[in-house]
Amino acid sequence: MTHTFLSATAAVALGTASASAVFVAPSTWSVGDANTTAQEWDIFTSPIGNAPDVLDSNDQGQATAFDANAPMNGSFITGSASIYTFSAEVFPAADVPVPTLAGGTTTFIVQTSTFGYVPVAADVTVSDDSDNVYLPVEQVLLTEGDRQGVEQAWYFRFEVPSDVGEYRFLMEAASSSLAFDRLRIDTFTGAAPAAEPLPDAFALPGDANLDGTVDLADFGILRANFGLSAGDFPIPQFRLADFNGDATVDLADFGILRANFGSSAPSDVAALDAWYASVVPEPATASIVSLAGLTLLRRRR
């Protein structure tokens, strides 16, 4: 199996050209509701501290996003306003003040976008000043590709005690050459965790990068990961172009992509559900692809 990885410099340079996942607001509460916070960053101006520039709704104080490994790692701001360094790890992080409620729970919804190497799955955490560390209870890779050159957009949900007034989100990079590009954090504090549904990473069959269209960019992602199974995925919880969910990227997934090539997802959710049911191939059909398509796949590997 041959994988094509871009250089770290190319990964950052291509960042602004790649399709970007759209961060979504929580569905079980609204921005500005009592005991909630919302903050989003798109443009970073310093590795060591950035106020939200897209959305800032927090009556407990101002959240700050930064590289937790700066300044000792030499990270800097790129031309696309990301935090990056050539030779050391960038640790995307944010300190977020939240409402308190004795005996309750604060639900964190974190959505973040990076380029370059993927983070370490076990080292994505929320912690407090007393060194209590919490792992995500749910996580989804929203936009995916190979490990360099393609945007990685992540969704994490945490549940933490609500008797602490500030928490830190931390994502540790797997290696050097990770660019911290965007971040959104929503929180809800209540007597019980918010029952927030997970986003669907493959609402449009074959749309691996979630840009709303099945095209050559999605084929490139499938091609880069063709033949991988669940044990080979860089982060086991995340599927790389495994559209049918059988834990292997294979001809069945290629068949789904090919059957939907050129399609775009409707914006209405009900219409999307109906359309999804109508276009997903039956298992037997999904595994049968044309000889020309198979030849193309082999030629490009």
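Draft legend 1. How the structure looks around the packing of aromatic side chains. This model, assessed by the stated rule, comprises 12 aromatic pairs. A centroid spacing of 5.4 Å and a plane angle of 25° characterise the contact between Trp 29 and Phe 188, whose relative ring orientation is stacked. Residue Trp 29 is located in the loop between α1 (8-13) and β1 (36-41), and its partner Phe 188 is located in strand β13 (residues 178-190); the two are separated by 159 residues in the primary sequence. For Trp 29, a relative accessible area of 6% gives the class buried. With a centroid separation of 6.4 Å and an interplanar angle of 15°, the aromatic rings of Trp 154 and Phe 156 are classed as stacked. You can call Trp 154 buried: its relative accessible area is 1%. Taking relative accessible area as the criterion, Phe 156 reaches 1% and is therefore assigned buried.

Draft legend 2. Quick peek at the pairing of strand β11 (residues 152-161). The buried fraction of β11 amounts to eight of the 10 residues, a majority that puts the element mostly inside the structure. Where strand β7 (residues 105-116) meets β11, 10 bridges bridge the pair, whose relative direction is antiparallel. Across the sheet, Val 110 pairs through a bridge with Phe 156, a residue of β11.

Draft legend 3. The arrangement of unusual backbone geometry in detail. Residue Pro 71 follows Ala 70 across a cis peptide bond; omega there is 0°. Mapped onto the fold, Pro 71 is located in the loop between β3 (64-67) and β4 (76-77). The backbone phi angle of Asn 35 is positive, close to 65°, even though this residue is not glycine. In this structure, Asn 35 sits in the loop between α1 and β1. Despite not being glycine, Ala 81 has its phi angle at roughly 65°, a positive value. Inspection of the secondary structure puts Ala 81 in the loop between β4 and β5 (83-84).

Draft legend 4. Structural detail: the confidence of the model for the chain. In this model, the chain carries a mean pLDDT of 77, and residues with pLDDT of at least 70 account for 69%. Within the model, pLDDT remains below 50 along residues 1-19, and this stretch shows 36 contacts once partners closer than five positions in the same chain are excluded. Overall, residues 281-301 carries pLDDT values under 50, and its contacts beyond four positions in sequence, including any with other chains, amount to 24 contacts.

Draft legend 5. View of the pattern of salt bridges. Under the criterion given, the structure shown has six salt bridges. With its nearest N and O atoms 3.6 Å apart, the salt bridge here joins Glu 40 to Arg 184. Here Glu 40 is found in strand β1, whereas its partner Arg 184 is found in strand β13, with 144 residues between them in sequence. Take Glu 40 and Arg 184: they sit in the same class, and that class is buried. Two residues, Arg 168 and Asp 95, come together in a salt bridge whose shortest N-O distance is 2.6 Å. Pair noted here: Arg 168 is in strand β12 (residues 166-173) and Asp 95 is in strand β6 (residues 92-97), with a separation of 73 residues, a long-range link. Residue Arg 168 is classed as partly exposed on the basis of its relative accessible area, which comes to 34%. With a relative accessible area of 17%, Asp 95 lands in the buried category. Through salt bridges with shared partners, one network takes in Glu 40, Arg 184 and Asp 186.

Draft legend 6. Helix α2 (residues 216-225), seen in detail. Inspection of α2 places Asp 218, Phe 219, Ile 221, Leu 222, Ala 224 and Asn 225 among the buried residues, and these make up the whole buried set. The N-cap residue of α2 is Asp 215: its side-chain oxygen and the backbone nitrogen of Ala 217 are 3.2 Å apart. Where α2 terminates, the next one or two residues include Gly 227, which has phi positive at roughly 95°.

Draft legend 7. Main features of the environment of Leu 101. Positionally, Leu 101 belongs in the loop between β6 and β7. Relative accessible area serves as the criterion here: at 35%, Leu 101 is assigned to the partly exposed category. Residues Leu 101 and Gly 190, 89 residues apart in the sequence, show an inter-C-alpha distance of 7.0 Å. With residues up to four places along the chain from it excluded, the contact list for Leu 101 reads Ser 162, Asp 163, Thr 189, Gly 190 and Ala 191.

Draft legend 8. Structural context of the side chain of Asn 73. Tracing the backbone through its elements, the reader meets Asn 73 in the loop between β3 and β4. In this structure Asn 73 comes out as buried when scored by relative accessible area, which is 7%. Polar side-chain contacts of Asn 73 include one of 2.7 Å to the side chain of Asp 67. In terms of polar contacts, Asn 73 uses its side chain to reach the backbone carbonyl oxygen of Glu 89, at 2.8 Å.

Cut-offs used in this document
- Residues numbered from 1 in each chain as written.
- Predicted model: local features only at pLDDT ≥ 70, side-chain atom pairs only at ≥ 80, totals over all residues.
- Heavy atoms only, no water.
- Phe/Tyr/Trp six-rings, centres within 6.5 Å; stacked < 30°, edge-to-face > 60°.
- Helix = DSSP H or I, 4+ residues; strand = E, 2+ residues; numbered from the N terminus.
- Buried < 20%, exposed > 50% of the residue type's maximum accessible area, 1.4 Å probe, protein only.
- Pairing = 2+ DSSP bridges.
- pLDDT = per-residue confidence, 0-100.
- Contact = heavy atoms within 4.5 Å.
- Salt bridge = Lys/Arg side-chain N within 4 Å of Asp/Glu carboxyl O.
- Polar contact = N/O pair within 3.5 Å; in protein donor to acceptor, adjacent residues only side chain to side chain.

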